[in-house]
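Structure assessment
Take a look at the letters that make up each chain.
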Amino acid sequence: LDREALKRGTSCYLGNNVIPMLPEILSNDLCSLREGVDRLTMSVEMNIDRHGAVRGQRLTRGRIRVDRRLTYNGADEILSGGDASPLAEKLRTMYECALLLHGRRVSQGSLELNLTDQSLVYENNVVTDIKYVERLKSHLLVEECMLCANVTVSRFIRENGAPSLYRNHEPVSSDSLVALKEFLRQLGIPFKAAGNVAMNLQKVLSQVAGSEIEHVVNMVILKSMMQAYYGAFPEGHFGLGFKDYTHFTSPIRRYPDLIVHRCLKSIL
C-alpha cells in the first residue's frame, strides 16, 4: 500500500474524476472525517493572540468526532447571515482569527496574488461551461488555519532536529526582477528591485487591485517567481513570507505530507 502511494505521489484530479493516492476505503472513509463518527487524528492546537501571533501550541495524536459536517458554501452562508446559534458564533470567532492570521501574514511580506481559479462544469460527463470559482469567507478561514498549522509543524520539527521534508520557495532571480521591472515600467508602475522585494511586489499588487490590468500583472508576477520544491532542509518560503514551511495538512492525498506526519510522530 505504501509503495503504491509513493509511486503515485499525490491524488490526481482529472476532469470530474479523482485518481486517489490511497484506496477509496481509506481516502473517502476510514481516513476521512464523518459527522458523528470517531476518527483518529494528528492534531495541532495553537493559541493565537489578538495580533495573529502563535503564543503556544500542542502537537498530539488525537481523537475527533465531527458534530456537524459543513460545505464551503454552507459555512459561508452561516458566516454571512444573522444566525445566532452556537455553531455560528464558533464560525465567526474562527473567521475573526483567520483575518488576524491573514493580516499578520501580509504585513510580514506574504504575497497576495489575485488569480481566481476556474472550474469546469459537467453535464453527463461532458464539459458544458467554465466558470470562475467565487472566493468565499469560508475558503479564507480554512486556508489560514492550514497555513498556520503547516508553519507550526515545520518550526516544531526543525527545533527538535528531526529529519523531515520542507516546502521551500526561493526568492525571485535577478534576471526575472530586471525583466519584471521593465514590464511594469511600460505600464507606468514604479517598482524597486532592491530592498524588501516581497514588500515591493505587494505594493504593485495593491496598486493594480481592481483595475483592468490586475489579472495580467498578477499573472506576470506569478510567472516571474521560482517554482516551489520539497527539500531536506528549511530554506524558507518567499511567496508566503515564511521562514518555516512544510506540507502537513493533506496526508490522504499528498505523499510528502505523509512523510511529515511520520517525522512528527517520531518526535512525539
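Report follows, based on the coordinates.

Calculation notes
Every chain's residues receive numbers from 1 upward, in the order its sequence appears when written. For this predicted model, a pLDDT threshold of at least 70 governs which residues receive local features, and a threshold of 80 or more governs which side-chain atom pairs are given and counted, while totals over whole chains, interfaces and linings are taken from all residues. Side-chain measures here rest on the full set of heavy atoms in the structure, leaving out hydrogens and waters. Only strands joined by at least two bridges in the DSSP assignment are considered to pair. Numbered from the N terminus, helices here are DSSP runs of H or I no shorter than four residues, and strands are runs of E no shorter than two. The angle between two axes is taken between their N-to-C directions and runs from 0 to 180 degrees, where each axis is a line fitted to C-alpha atoms and a helix contributes only its stretch in contact. Note on angle classes: values under 35 degrees are labelled roughly parallel, values over 145 roughly antiparallel, values of 65 to 115 roughly perpendicular, and the remainder oblique. Crossings are assigned a handedness: left-handed for a near helix turned anticlockwise from the far helix by less than a right angle, right-handed for a clockwise turn. For this analysis, residues touch if any pair of their heavy atoms sits within 4.5 Å. A helix is expected to reach a length of 1.5 Å times the quantity of its residues less one. Residues enter a nonpolar core if they are buried and are Ala, Val, Leu, Ile, Met, Phe, Trp, Tyr or Cys, with the set joined through side-chain atoms within 4.5 Å. Three labels apply to residues, based on accessible area from a 1.4 Å probe with only protein chains included: buried if under 20% of the type maximum, exposed if over 50%, partly exposed otherwise in between. Basically, the charged four are Asp, Glu, Lys and Arg, the nonpolar ten are Ala, Val, Leu, Ile, Met, Phe, Trp, Tyr, Cys and Pro, and anything else, Gly included, counts as polar. The term salt bridge refers to a side-chain nitrogen of Lys or Arg lying within 4 Å of a carboxyl oxygen of Asp or Glu.

1. Observations concerning the pairing of strand β6 (residues 126-132)
A regular strand places its side chains on the two faces of the sheet in alternate fashion. Sheet analysis places strand β5 (residues 118-123) next to β6, joined by 6 bridges and oriented antiparallel. Along β6, the bridge assignment pairs V121 with D129. Between the end of β5 and the start of β6, which pair antiparallel, lie 2 residues, with N124 showing a positive phi angle near 55 degrees.

2. Quick word on the packing of helix α5 (residues 137-159) against helix α9 (residues 255-267)
To describe two helices that pack against each other, one gives the angle between their axes and the distance between the axes. Running from amino to carboxyl end, α5 crosses α9 at an angle of 50 degrees, the nearest separation of the two axes being 10 Å. If you check the angle between α5 and α9, you find them oblique. In this structure, α5 crosses over α9, and the sense of that crossing is left-handed. Only V260, C263, L264 and I267 of α9 make contact with α5, whose side of the interface consists of V153, F156 and I157.

3. Topic: α5
Taking 1.5 Å of rise per residue, the 23 residues of α5 would be expected to cover 33 Å, and the 33 Å separating its terminal C-alpha atoms lies within 8% of that figure. A positive phi of about 70 degrees marks G161, the residue just after α5.

4. Things to note about the nonpolar core
Among the nonpolar cores identified, the biggest contains 17 residues, and L184, F191, L201, V204, V217, I221 and F238 are the most heavily contacted of them. Looking at this core, the elements with two or more residues in it are α6 (174-186), α7 (197-208) and α8 (214-224). With 6 residues, α7 is the largest single contributor of residues to this core. Once residues lying within four places of it in the same chain are set aside, the contact partners of L184 are I189, F191, V204 and V217. Counting residues in hydrophobic clusters, the runner-up holds 13 residues, among them M42, Y166, V260 and C263.

5. With respect to the packing of α7 against α8
Two numbers describe how α7 lies on α8: the axes approach to 9 Å, and their chain directions differ by 160 degrees. Looking at the two axes, α7 sits roughly antiparallel to α8. Two packed elements cross with a definite hand, and for α7 against α8 that hand is left-handed. Taking contact as the criterion, the partners of L201, V204, L205 and V208 in α7 are, on α8, E214, V217, N218 and I221. Taken together, the residues of the contact of α7 with α8 break down into 6 nonpolar, 1 polar and 1 charged.

6. Re the pattern of salt bridges
Side-chain pairs of opposite charge can arise where the charged atoms are in close proximity. Tallied over the full model, the rule gives 16 salt bridges. Where R185 meets E182, a salt bridge forms, and the shortest distance between an N and an O atom there is 2.7 Å. Of the two residues, R185 and E182 are both situated in helix α6; the distance of 3 residues between them amounts to about one turn of the helix. The class of E182 is partly exposed, set by a relative accessible area of 34%. Several salt bridges converge on common partners, so that one network encompasses E4, K7 and R8.

7. Quick word on unusual backbone geometry
Of note in the backbone geometry, N124 takes a positive phi value of approximately 55 degrees without being a glycine. Residue placement: N124 occurs in the loop between β5 and β6. Phi is positive for N125, which is not a glycine, with a value near 65 degrees. Considering the arrangement of structural elements, one finds N125 in the loop between β5 and β6. On the accessibility criterion, N125 (62% relative accessible area) is exposed.

8. Observations regarding the environment of M46
One can find M46 in strand β3 (residues 38-48). Separated by 18 residues in the primary sequence, M46 and N28 have C-alpha atoms spaced 27 Å apart. In this structure, M46 is in contact with V54, G56, Q57, C145, C148, A149 and T152, ignoring residues within four places of it in sequence.

9. Notes on the pairing of strand β4 (residues 54-65)
As judged from the 11 bridges shared by β3 and β4, these two strands associate in the antiparallel manner. Within the sheet, the bridge partner assigned to S43 lies in β4 and is T60. Hairpin remark: β3 followed by β4, antiparallel, with 5 residues in the connecting loop; positive phi at G52, about 80 degrees.

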